[in-house]
Amino acid sequence: MKLKLNLATQIRTLFTAVVLFALSISAIAQQKASSAREEFIEVEKNVRLHVTDWGTGKTVVLIHGWPLSDAMYEYQYQELVEKGYRVVGITLRGFGKSDKPYGTYDYDVFADDIKVVLDKLNIQNATLGGFSMGGAIAIHYVAKYNSAHVNKLALFAAAAPLWTKRNDNSYGFSKEDVNGLIDLSKTNRLQLLENFGKIFAANETALSTGIANWLGGINLEASPYATTQSLIALRDTDLRSELSKINIPTAIFHGTKDKICEFALAEQMQKGIKNSYIVKFENSGHGLFIEELGKFNSELIKFLEK
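Residues numbered from 1 in each chain as written. Predicted model: local features only at pLDDT ≥ 70, side-chain atom pairs only at ≥ 80, totals over all residues. Heavy atoms only, no water.

Engineer: What am I meant to see in the packing of aromatic side chains here?
Structural biologist: Any aromatic ring pair is given by two values, namely how distant the centres are and how the planes are angled relative to each other. Under the defined criterion, the tally for this structure stands at 18 aromatic pairs. On the numbers, 4.9 Å between centres and 55° between planes, the contact of W163 with F173 is tilted. One end of the pair, W163, is in the loop between β6 (150-156) and α5 (175-187); the other, F173, is in the loop between β6 and α5, with 10 residues separating them in the sequence. An aromatic cluster is defined as three or more aromatic residues linked by ring pairs; in this entry it consists of Y102, Y105, F110 and Y225. (Phe/Tyr/Trp six-rings, centres within 6.5 Å; stacked < 30°, edge-to-face > 60°. Helix = DSSP H or I, 4+ residues; strand = E, 2+ residues; numbered from the N terminus.)

Engineer: How do you make sense of the environment of H140 when you look at a structure like this?
Structural biologist: Among the secondary structure elements, H140 is positioned in helix α4 (residues 133-144). A residue is classified by how much of its surface remains accessible, and H140, at 10% relative accessible area, is buried. Taking the C-alpha atoms as reference points, H140 and A160, 20 residues apart in sequence, are found 9.9 Å from one another. Every residue in contact with H140, bar those within four places of it in the chain, is listed here: Y107, D108, A111, L239 and E242. (Buried < 20%, exposed > 50% of the residue type's maximum accessible area, 1.4 Å probe, protein only. Contact = heavy atoms within 4.5 Å.)

Engineer: What is the right way to read the side chain of S132 from this model?
Structural biologist: Mapped onto the elements, S132 comes out in the loop between β5 (126-131) and α4. The contacts of S132, once residues within four sequence positions are left out, are G65, F156, A157, A158, A159, C261 and H286.

Engineer: Would you explain the sheet that holds β5 in this entry?
Structural biologist: Backbone-to-backbone hydrogen bonds join strands into a sheet, with any given pair of strands oriented parallel or antiparallel. Spatially, 8 strands are ordered β1-β2-β4-β3-β5-β6-β7-β8 in an open sheet, and the strand pairing comes out mixed. Two strands close off the open sheet at either side, each with one partner strand: β1 (40-44) and β8 (276-281). Here the strands of the sheet are splayed against their neighbours by 25° on average, with no regard to which way each runs. With 6 bridges connecting them, β5 and β6 associate as parallel partners. Opposite G129, over in β6, you have A154 as the bridge partner. (Pairing = 2+ DSSP bridges. Axes fitted to C-alpha atoms, helices over the stretch in contact; angles between N-to-C directions.)

Engineer: Would you take a moment to explain unusual backbone geometry for this structure?
Structural biologist: Note: most residues except glycine have negative phi, and most peptide bonds are trans. Of note, the bond from W66 into P67 is cis; its omega dihedral lies within 30 degrees of zero at -15°. Relative to the elements of secondary structure, P67 occurs in the loop between β3 (59-63) and α2 (74-82). A160 connects to P161 through a cis peptide bond whose omega is 5°. Although it is not a glycine, N125 sits at a positive phi angle of roughly 55°. Position of N125 relative to the elements: it lies in the loop between α3 (107-120) and β5.

Engineer: Is there a simple way to think about the packing of α3 against α4 in this case?
Structural biologist: If you want to describe how two helices pack, look at the angle between their axes and the distance between the axes. Across the interface, α3 lies against α4 with an axial gap of 9 Å and an inter-helix angle of 70°. Considered as vectors, α3 and α4 are oriented roughly perpendicular to each other. For the pair α3 and α4, the contacting residues are Y107, D108, F110, A111, D112, I114, K115 and L118 in the first and M133, A136, I137, H140, Y141 and K144 in the second. Among the residues forming the contact of α3 with α4, the class breakdown is 9 nonpolar, 1 polar and 4 charged. (Parallel < 35°, antiparallel > 145°, perpendicular 65-115°, else oblique. Nonpolar A, V, L, I, M, F, W, Y, C, P; charged D, E, K, R; others polar.)

Engineer: What exactly am I supposed to notice about the pairing of strand β2 (residues 47-54) here?
Structural biologist: The side chains of a regular strand alternate between the sheet's two faces. Counting buried positions over the 8 residues of β2 gives 6, a clear majority of the element. Sheet analysis places β1 next to β2, joined by 4 bridges and oriented antiparallel. Bridge pairing links F40 to H50 in β2. Connecting the antiparallel pair β1 and β2 is a turn made up of 2 residues, with N46 showing a positive phi of about 70°. Judged from the 4 bridges that link them, β2 and strand β4 (residues 86-90) form a sheet pairing that is antiparallel. When the sheet's bridge partners are listed, W54 is paired in β4 with V87.

The structure is reproduced here in structure tokens:
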């Protein structure tokens, strides 16, 4: 009888050990699965970028505009995942949930950060998409790194190739106008954002109050310093010489009623980038990704499937 009790105890002990072992293996597996989709990626010491990484399949990398964050692509993320794509949204340093260090904020730094993220995630043959300033940064990334990690480029209302007027460029804002924006960023950032909000869409009533408030909330997450420094980068950066360095298929999405990046910029990009084409958004201003959401998503997926 005693022998049977000892045997039963040993069996229970062994069973408990097996269960605990199985649970520990499961926990390790879950931990590894979680670590494979890090929400924050360190690009240099003490600087981490927020990354949205959803889905599986061919990869789409999305870069936001000034002064938004990767959260602006909320209504692209879910559609892309449902259509069988992996989508990686990167929030640039100084914006959204990413770290906001003091230092340089220009297209070189932003492009370098993107390269580190794509290296660490081992992204290959992705489509890189960028909105507004993010579109300009995407152009600079492709030119600087010779299309590393990407094989298609999508430009959404891109602030490129040059956002300000020059003696040899009649498009965009005047430098004096942008200097006024920079001064306002330093003295009344809320007014600056309100002014941009009024010209963001095709007209002041094109976006619902809820959508406008949602975008405004994202804008307020940006670092005041990064907001100002990025305006300086927008004012000063000339990408005209880089357009000829882009040798991958490129789609240019642009609203014909855009008041922030006029439609003529899309035409200049199309002239300079080989193997590119324009998709006109006749009912959109700058916010084409939300003003004509259905068309935007369907045209993006059409480009991805080409």
